[in-house]
Structure formats: C-alpha cells, structure tokens
Amino acid sequence: MADATKSLLTDLLKQVSRSFYLTLRIVPASVRAQIGLAYLLARTTDTIADTEILPIERRLAALSALRAKILGTSEAALNFSDLAQHQGSPAERTLLERIEESVTLLRMLQPGDLAHVRNVIDFICSGQELDLKRFNDQNQGEARRLTALSSERELDDYTYRVAGCVGEFWTHLCFDHLYQPQEQRRLAANAPEFQADAVRFGKGLQLVNILRDLPRDLRQGRCYIPQELLAEAGLRAEDLLHPANEPRFRPVYDRLVTQAETHLAAGWRYTSAIPHHYWRMRLACAWPILIGVHTITLLRINNILDPATPLKVPRSAVRTMLIRTLVRVPFAGALERLWTPAGQQAGKAVASRQDLT
C-alpha cells in the first residue's frame, strides 16, 4: 500500500490542489497523511457535487453512496465511471476512478484518526448536499434562476459545514499526535476560545472564497449573499449581475468582508497560540491566513461585481509571503508581527495608487 499512498497523497493530491499541497508539505509528518487523505476525500465529494452536466438527483445519489462508504455504514462497491467521463480535468477523473483505493487508505487509519476523518467528511458532505438541494432549480436547463441564501444564519451554517469543521479537525489531530501533555493542559485551560478560533479560522477562509468568487457564482445561479442583507440595501440578487450596481452593493459587501477579516484575525490568534517550536504547523496555518488577508485587500479596492476583474493574489506576492514567513518563523514573536488587517493594507494601497492585481 506504500505505492498507493504515495500515488494518492502525493502525486494525485498535488494535481488537484497545488495551493493546498504547498501547505500539506509543511504540515508535521505525524498528521500529514490524515490531513491529506481527508482533503482528498473532500475534493472527491466536491468534484461529484460540481459535475453540473449530470442531474441533481444523480449527484446526490453519488454523494450519499460515497458518504455511507466513508462512514462505514455501507460496503457497496463504488463505481463513478459515469461521473468520471464528464470531468474536464484528468486529475479529477482519476479522483473518481480511484475512490475505492482512497477508502481503503481511510480504513487503515488508527481508530481515533478514522473517527476524526469520518466526522469532518460527514459535515462537509452535509454542506455540499444542502447546497445542491438549495440551488436545485437553477441547474435545470439552460435558463438559470438565480437563488440566494435567505439569512446570515444560513451563510454562517454553510461556512461551518464546509470549512469551520476543518479547523476543529486539525485541532483534534494536533491534540492527539502533536502537543505534549503539558502543552495540552495549557491549551485546554483556554479551550473554549482556542476551539472557537479554530472554527472561525475555517469560516474566514471559506467566506473569503465566497466573496472572491461572487461574480462566477452569480452567473451559475448561486448567490451566497443573504437576501436579508440585500433587502436592507434595496437590492435583489439579480441586481448583482450588473457591475454598475457595485456602489449600492458595496456597504453590504464590505460588511461581509469585515466579518471575514474578523474571522481571519481569530485564525491568527489561533496560530499564535500554537507552541513556538511547532513551527511547521504555525506556517501551515499562517500561509492561508496571509493569502486570505491579501485577497481581502483586493476585494476592498476593486469592483467586485465585474467578472473581468482579477481578484487572485499574484504568484509573486505568494512567493514573497513564503520567504518572509520562513525567515521569521525561527524567532519568537517575529511571525506574529506579520499580521496587518486588510483594511489597513487597502488604505495604503489606495493612498499610494498601487496596482495590487
């Protein structure tokens, strides 16, 4: 199984997510395989959910079958060949074709790790299934009906199901395999805040993705901006399809951007609480947060309703961030000083007329 492990958790995982693979490489070895396998399974369920050429009912059935196999409530063989043939990416086809191998690796985990992976995938699947049912109508036929979430509570619930639960998952693994007893006692003394920050960490990253991908999601019939917030601004979801409405929408958008930034600040607090000598885990947490903050800067200074506006952090900026963190991480307190709220960064960018895109 060593060859299969390397093939799936190294080669294939790198193909389906280059950015996450960068983070996974720095994660401590004691939790790397568990995190990598959980990501691979979540990426498989996401691929199924996103196969829009197939009817909703077929995707829901496939998700249900995979979820049952992962949770150990079904032994039925999985055959996703019909889904695989509709994938444009060779890596995603391979994900589906080799799902039985992934499940076999899952069952080789220690009982505690197996329970953690099953729990997080269960939550993620619940969010994906809820999403498919919620946006069911817009996927039928060529005319897509734009559907929006109804409330901030729905948005918060969704970000927890697909990402906030991941923060809890990482924390459980670190307590089981990384932290020493005295470190566990220190962190446990502040457990409610530490666990809450772990959840907010994941929520913040997901909310940044939602806000960044808004133009694309709108044109796919999905609006994650709650109706109750749009109504306060006298807007409907359909109004967001027109970039000229950005000034009216901006207060609503900035409110959610600020919420995302507040979540990331909690994630930074979580990162800072990790004992200093676990520098690999600190970097693994710091990198997505710093990229998220840079993304928020772009969201604050651009027309976020214009689908032609580039809102992705340049690779050069990512490389610079990696170098800065690697240089600072050996020194106590140096990494923490890299935190700068995105609002401050955006203000400086506007003042100096920098082109951050």
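The sections below set out a description of the structure shown in this document. (Residues numbered from 1 in each chain as written. Predicted model: local features only at pLDDT ≥ 70, side-chain atom pairs only at ≥ 80, totals over all residues. Heavy atoms only, no water.)

### Considering the side chain of Glu129
Step number 1: Take Glu129: it is sitting in helix 8 (residues 111-134).
Step number 2: A distance of 2.6 Å separates the side chain of Glu129 from the side chain of Arg67, its partner in a polar contact.
Step number 3: The contacts of Glu129, once residues within four sequence positions are left out, are Leu60, Leu63, Ser64 and Arg67. (Helix = DSSP H or I, 4+ residues; strand = E, 2+ residues; numbered from the N terminus. Polar contact = N/O pair within 3.5 Å; in protein donor to acceptor, adjacent residues only side chain to side chain. Contact = heavy atoms within 4.5 Å.)

### Quick notes on the packing of helix 9 (residues 152-177) against helix 14 (residues 246-273)
Step number 1: Contact pair helix 9 / helix 14: the axes reach a minimum separation of 14 Å and the direction vectors enclose 15 degrees. Comparing the axis directions of helix 9 and helix 14 gives the class roughly parallel. The interaxial crossing formed by helix 9 with helix 14 has right-handed handedness. Where helix 9 approaches helix 14, its residues Glu152, Leu155, Gly167 and Thr171 are matched on the opposing element by Arg255, Leu256, Gln259 and Tyr270.
Step number 2: Among the residues making up the contact of helix 9 with helix 14, the classes are represented as three nonpolar, three polar and two charged. (Axes fitted to C-alpha atoms, helices over the stretch in contact; angles between N-to-C directions. Parallel < 35°, antiparallel > 145°, perpendicular 65-115°, else oblique. Left-handed = near helix turned anticlockwise from the far one by under 90°. Nonpolar A, V, L, I, M, F, W, Y, C, P; charged D, E, K, R; others polar.)

### Remarks on a positive patch on the surface
Step number 1: On the surface, Lys14, Arg18, Arg25, Lys312, Arg315 and Arg319 cluster together to form a positively charged patch.
Step number 2: Of all the elements in the fold, those that place two or more residues in the positive patch are helix 2 (18-26) and helix 16 (315-328).
Step number 3: Relative to the helices and strands, Arg319 is located in helix 16. (Patch = residues over 30% accessible without salt bridge, like charges linked within 9 Å, V, L, I, M, F, W, Y side chains within 5 Å. Areas by Shrake-Rupley, 256 points an atom, 1.4 Å probe, with all protein chains shown as cover. Salt bridge = Lys/Arg side-chain N within 4 Å of Asp/Glu carboxyl O. Lys, Arg positive; Asp, Glu negative; His and termini not counted. Charge placed at Lys NZ, Arg CZ, Asp CG, Glu CD.)

### A closer look at the pattern of salt bridges
Step number 1: Scanning all chains against the criterion turns up 24 salt bridges.
Step number 2: Taking the shortest distance from any N to any O, the salt bridge between Arg43 and Glu92 comes out at 2.9 Å. With Arg43 in helix 3 (residues 29-49) and Glu92 in helix 6 (residues 90-97), this residue pair connects regions lying 49 residues apart in the sequence. A single burial state applies to Arg43 and to Glu92, both of which are buried.
Step number 3: Among the salt bridges present, the one from Arg300 reaches Glu261, with a minimum N-O distance of 2.9 Å. (Buried < 20%, exposed > 50% of the residue type's maximum accessible area, 1.4 Å probe, protein only.)

### Details of the nonpolar core
Step number 1: With 115 residues, the main nonpolar core has Ile225, Phe249 and Met281 as its most contacted residues.
Step number 2: Among the elements that make up this core, the one with the highest residue count is helix 15 (residues 279-301) (twelve residues). (Core = buried A, V, L, I, M, F, W, Y, C linked by side-chain atoms within 4.5 Å.)

### Thoughts on the environment of Tyr160
Step number 1: Looking at where Tyr160 falls in the secondary structure, it is placed in helix 9.
Step number 2: The sequence separation of Tyr160 and Gln206 amounts to 46 residues, and the corresponding C-alpha distance is 8.7 Å.

### Observations regarding the packing of aromatic side chains
Step number 1: Inspection of the entire model under this criterion finds eleven aromatic pairs.
Step number 2: Between Phe135 and Tyr224, the ring centres sit 5.5 Å apart and the planes meet at 70 degrees, which makes this aromatic pair edge-to-face. Linking Phe135 in the loop between helix 8 and strand 1 (147-148) with Tyr224 in the loop between strand 2 (222-223) and helix 13 (227-232), this pair joins segments that are 89 residues apart in sequence. Across the pair, Tyr224 and Phe135 agree in class, each one buried.
Step number 3: With a centroid separation of 5.5 Å and an interplanar angle of 55 degrees, the aromatic rings of Phe249 and Tyr253 are classed as tilted. One end of the pair is Phe249 and the other is Tyr253, both in helix 14 and four residues apart, which spans about a single turn. In terms of burial, Phe249 and Tyr253 fall into one category: buried.
Step number 4: An aromatic cluster of at least three residues, connected via ring pairs, comprises Phe175, Tyr179, Phe194, Phe201, Tyr270 and Tyr278. (Phe/Tyr/Trp six-rings, centres within 6.5 Å; stacked < 30°, edge-to-face > 60°.)

Keep in mind these values describe shape, not function.
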